[in-house]
Amino acid sequence: MFKFIKAKSPHQSNAERQKIQKELFSYSRTAQHGFPHKPTALSWDPTLRLMALGTATGAIKVFGKPGVEFYGQHQNPTAVTKLIFLPSQGRVVSLCDNNSLHLWEINNALVEVKFQALEGKLKKISTICVESSKKHLLLGTEGGNIYLLDLATFTMTPDIIYQDVVMQNVPEDYKLNPGAVESIEEQPGKPSNILIGYNRGLMILWNKSSNTAIKTFIANQQLESVSWLENGETFFTSHNDGSYMKWDIEDSDKQLLTTPYGPFPCRTIPKILAREQKGKQLIVFAGGLARATYSDKYTVSVMHGDDHHVCFDFTSKVIDFVLIDSKPQNQDSSMENLVNGGNIGQKAEPEALIVLAEEELVAIDLECKEWKMMCLPYLVSLHASAVTCSQYVSGVPEELWGILKEAGRAQTSHLYSNKIWPIDGGDLLCLKGSKTRRELLLTGHEDGTVRFWNAGGVTLTPLYKFSSSSFFVGDALEEVSPDAEDMEEEWPPFRKTGIFDPYSDDPRFAVKKIIMCPLSGTMVIAGTAGQVLIAKFDTEVLEEPLKVTTMNIVNDRDGFVWKGHSQLTPKSEDIRQNRGFQCTSFLQLYPPAAVTCCALQADWGLVAAGTAHGVALFDYVKNKAVMVKCTLNPNDLTGAGDAPISRRKSFKKSLRESFRRLRKGRSQRRSNNPQSNTVASPVSPAVRRLPTTDDIVETKPIERQIEARPTDDAMGSFVRCLYFARTFLINMQNTNPTLWAGTNNGTVYAFTITVPGTGKRESEDVVCQLAKEIQLKHRAPVIAIAVLDGSNKPLPEPLEVEKGVAPLPDTTQAHRVVIASEEQFKIFTMPNLKPYCKYKLTAHEGARVRRMNFATFNGHHPDYKDYSEIDLLCLTNLGDCLILTIPDLKRQLNAAAIRREDINGISSLVFTKNAEALYLHSSSELQRISLSTTFSTHARCFLTIPKGARDGAIEDVAEAQENLSVENLDLEEAVLVNGNTEVKNNSLTDKAK
C-alpha cells in the first residue's frame, strides 16, 4: 500500500496566505446567456428603446443595445403575468400571479423599490394601462371596476371608476353583467378619454375628467383585445371566434367585421395591433386559424393593406408580441421632448415585429420586402435542439476567428435580414485597456449539430454551425422549397419561422463529446452510435466521398454479443462540403455504443475515443487504426455496456448494502467529536472561505468510511477519461508521448506511443503499447487525469509551444500526474508513480468529484499586481466549486454554485482557463460564474434618463461615466454598478437559486 506524505510548500506565513486568498479568489454569479426559462410577459419602452421579459420563476430581464442587460428577481418566485414600462423613466411595473404589483428602477442595476398588492377575488387585476401623463396606472379587474394607482407614491388612490357608474348610459340589454375589464386603452390625442372593453363585448369611451360615457360600442362576440390607430378616430377589436372588427369613433354603427381564416369555426385572436405604414394599414394578430384544421399551430399573422399577407408559423406557443417603431431622425438631440410623449422629426412607423414565443424570441424586419427574420444579438435559443454536451475554447487565433465568422454568415445570409438591431437603448461603459476576447463555446445537440457561439462577452451570439447528420443515410425526405405559384395558392399563407426545432430524425445523431484544437483548426465530434468524425477547417469547397475506418474494440472477445442499437450508415457517394469545418476522416467504433470520452492530439495527428467497452486510438493523418484496448470484464459478454445499472446485483442486495453503509456512517459520526470537523454545513452561505492553508493541515477533519466497490460491476468497463501527454513515463532521461485512460472501476492505463518524425509520418505507422496499469484502492471511477511539469504547472495544450502561446514545459525536474477519482485527488511522482499527496473529498465532505480543470489566478492590488498562480478547480455532485492549490492540494475556496438538486446544471458545467464556468441554469439558459477576483464577464452598462423624467436618475453620459468608473472599485462593486442585482442582494440570489 502506498504511504502518502504531506507535501511541503514554500514558506508562506498564515497572514500572507490569507491576503493572497482574498486577492485571488472570489465567487460571483455574473452574466446569463441564452433564452429565459418559461417566459410569461413582454414589454417595450418606445422612448428609451428598452425591452423587458418576465418569467414564470419571477425573473425580470431588461435589454437594450447589445451588451446592455439588467437582471432582477422577485423575492418570492411567483410568475410574472404582465410587465409595463413607464416610458422615458427607466422604470417598469410587474404584475405577478398573486395579484401583487412591483415597481422596479434601473439605477445602474434593476432594483425593486416599491410594492403594492390588491386583495379579494373581485380585485384580481385583468389589464393595466399607464396614463400618458405618467401619473397613474389604471388597473382593470375581474370584478369590472377600475382602480387608480398613484405612481409617485405607488399607493391606491380613492378614485375608482365603478362599473355601475359606467353602465348608466348603456342599453338595458347589456346592463346585466358585462364581465371583467378586458382592455383599457387611452385615446390618442385625447388623454382624458379611455376606451374600456368588457369581456362580453361591451366597449365604452369614457371621459375621466367628467366621469361620463361619451359613446358605447357593442360587439356580438367575446372581446379579447383593443388597438387604436394613431389618428384616434379608428380602433380595432379582436374576438374569441377568430374575427376582428374595425370601428369608427364618430359612428358606432359603422363597423367592419373580418374573419381572416373563416368561414369555418376559428380559434381566438387573443391580441391585435393596428398601425399605419407607408400609407397603408398594418394589422398584426395572433391565432385566428380554423379550429378543426390547424388547432396545433401557433401563429402570428401580418397583413399590410391588400398586398402582403404572411402567417408566421412557430413551433412553440406565442406568449406576446410588440411592434418596434423606427427611431425619429432628431430624437437624440431633444430627449426632453420624449418626457412629454412628443415625437420629433418624421413620423415613426413600425420597422420590426418582436414575437416572444415559449421557446424563442423572433424578430421580423417589416421594412424588408420579404419580411425576413433578423439576427438576434442576445436571447438566442441555445436549445433549438436539446444541448447534449459542450466545450469552452479560449485563445482562438485571429485568422481562424475571421474566416469562421465569414463561413457562418454564408450559412445564414439567405435567411436573415441585414437590418441593424432596432432595440438600442442604454449605453456601454468604456473601460481603458479592454480587449476583445476571441473565445468560443461549442455546444453539441440532439440532432447531430455542433453550434459555435461567440462567448467572449455578455452577449452569446451564434457564429457557425456544423451538422454531422448530413454525412449519414437517413429516412427523412429532403425539404423541397415551394415555388412562388405554390406559395400564392396556399391558404393560410404559412411561413415556418424561428429556429426552435425539438425533434430529431434519429436519436443516434446526438453528439456526446466535442473537442476542438483552435491552433490547428481541428475538431472531433463523437456521437451516440459510436461515430467519431474528425473535421478540419478549410476555405475551399471539398467534394469527395467520406473516408471510413471501422475499429472493433471487442475483437478479442469471441463470445461477445451486442444487443444495442445498430450503427449509422455513412453516405457512399461524393459529399459536397462548403468552406468551414469539413469532415476529413470518419471512425466507426464497434460495438456502436455511445462515446463516453474523447481526446485529440493535433500535433501527433491522433484521436482517442472511449466507450463502455474500451479504448480506441486512431491515426487520422493516415486514416488508420493504431490500437484497441477492451476494458470489459472477461465474464461480461452480454453487450449490456449501455445499460443504466448492473443486472447482476439484485435490488435487495443493493438496498441491504445501502442501509448497512448508512448505519456505519451514523455510528462513526456519533463516536467522534463534532467540533473537530472544519467542513461547513451544506446550508452555509454561498461561499465558504478557509482561514489559512496551515490551519487546514493542522486540523484533522472527520473521515467518512469509504467501502470498496464491487469488482464484478458491469459498469466498471466504462472509460471515463482520456489524456495525451509527453512526459517521463519510462525513465527520467527522456519524455515519451503517452496516452492515459481511466475507467469506471478505478483502473488507470498508461500507454506509450511512438510517433514517426515529420519526414516519415506518412510512411511509418504510429505504435502504441501498454506501459503501466494502476488500480485505485476503492475502485472509484476516474474522472480526470493531468500531468504537471517540473515547476508544477499543467502541461501546455497541443501546438501551444510551437505557436508561441505557452512556454516550454519544465523537464529539468520530475513530472507528477494528478488522478482525480470520484472520491479523491491523488498525485504521483513519475516515472516510478511514487505517492506524493492526496485530498480525500468524499471522506472529508461527503461529496464526489464531477469535473476537474486548471485555471490561472492573477492579483489586481498594486502589491500583488505581478503575482499569479495556477490552481486546480473542482466541481462536486453537490454543486460546489472548490479551488485547490497544486501540488499540495490545499483548499482555498468552497463556493455553493449550483443547487444540489439541479442534476442537469451540475452535469453541464464547463470550466474556462480564466476561472470562469458556465452551466445550464435551465434547458435553454446558461449561467456564468467567476471564481476569480480579477476576471469576470458581466454587463458594463448604464441608462441615461431624460432630464426631469425621474428624480435621482443619471441624466448625462459624462456623469454616468464618472459614476460608473470601475478603476478604483473591487470586483463586487464593479458587478453592482453593471446591472447584476443578484450580487447586490445575496438573499435574492439564494431565493432565486
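Our subject is the structure listed above.
Residues numbered from 1 in each chain as written. Predicted model: local features only at pLDDT ≥ 70, side-chain atom pairs only at ≥ 80, totals over all residues. Heavy atoms only, no water.

Some thoughts on the nonpolar core
So, point 1. Of all hydrophobic cores here, the largest spans 41 residues; its most connected members are Trp740, Val817, Phe825, Met852 and Leu872.
So, point 2. Counting residues per element, this core draws most heavily on strand 53 (residues 782-788), at 7 residues.
So, point 3. Once you skip the residues sitting within four places of it in the chain, valine 817 turns out to touch Trp740, Ile785, Ala786, Val787, Lys826, Ile827, Phe828, Met830 and Leu833.
So, point 4. Formed by 32 residues, the second largest nonpolar core is a distinct cluster that contains Cys389, Phe452, Phe472 and Leu533. (Core = buried A, V, L, I, M, F, W, Y, C linked by side-chain atoms within 4.5 Å. Buried < 20%, exposed > 50% of the residue type's maximum accessible area, 1.4 Å probe, protein only. Helix = DSSP H or I, 4+ residues; strand = E, 2+ residues; numbered from the N terminus. Contact = heavy atoms within 4.5 Å.)

So, the packing of aromatic side chains
So, point 1. This model, assessed by the stated rule, comprises 22 aromatic pairs.
So, point 2. For the ring pair tyrosine 244 and phenylalanine 285, a centre distance of 5.9 Å and an interplane angle of 40° mean the geometry is tilted. Placement of tyrosine 244 in strand 20 (residues 244-248) and of phenylalanine 285 in strand 23 (residues 280-286) is noted, with a sequence separation of 41 residues between them. Accessibility assignment for this pair places tyrosine 244 and phenylalanine 285 in one class, buried.
So, point 3. Seen in terms of ring centroids, tyrosine 261 and phenylalanine 285 are 6.1 Å apart; in terms of plane orientation they differ by 50°. Their pairing is tilted. Highlighted residues: tyrosine 261 in the loop between strand 21 (255-258) and strand 22 (272-277) and phenylalanine 285 in strand 23, separated in sequence by 24 residues.
So, point 4. Take tyrosine 261: its relative accessible area is 5%, and that puts it in the buried class.
So, point 5. Chaining the aromatic ring pairs together yields one cluster made of Phe236, Tyr244, Tyr261, Phe285 and Trp491.
So, point 6. Across from the ring centre of tyrosine 71, 5.6 Å away, lies the NZ or CZ of lysine 61, which sits over that ring. (Phe/Tyr/Trp six-rings, centres within 6.5 Å; stacked < 30°, edge-to-face > 60°. Lys NZ or Arg CZ within 6 Å of the ring centre and 35° of its normal.)

Topic: the sheet that holds strand 24 (residues 298-304)
So, point 1. Pairing in this open sheet of 5 strands is mixed, and the strands run 22-23-24-25-36 from one edge to the other. Looking along the sheet, the strands with just one partner apiece sit at the ends: strand 22 and strand 36 (494-496). When the angles between neighbouring strand axes are averaged without regard to direction, this sheet yields 20°.
So, point 2. Here strand 24 pairs with strand 25 (residues 308-314) via 7 bridges, running antiparallel. (Pairing = 2+ DSSP bridges. Axes fitted to C-alpha atoms, helices over the stretch in contact; angles between N-to-C directions.)

A look at the side chain of threonine 747
So, point 1. Tracing the backbone through its elements, the reader meets threonine 747 in strand 51 (residues 747-754).
So, point 2. On the accessibility criterion, threonine 747 (3% relative accessible area) is buried.
So, point 3. Side-chain polar atoms of threonine 747 contact the side chain of asparagine 745, separated by 2.9 Å.
So, point 4. A polar atom in the side chain of threonine 747 sits 2.6 Å from the side chain of glutamine 775. (Polar contact = N/O pair within 3.5 Å; in protein donor to acceptor, adjacent residues only side chain to side chain.)

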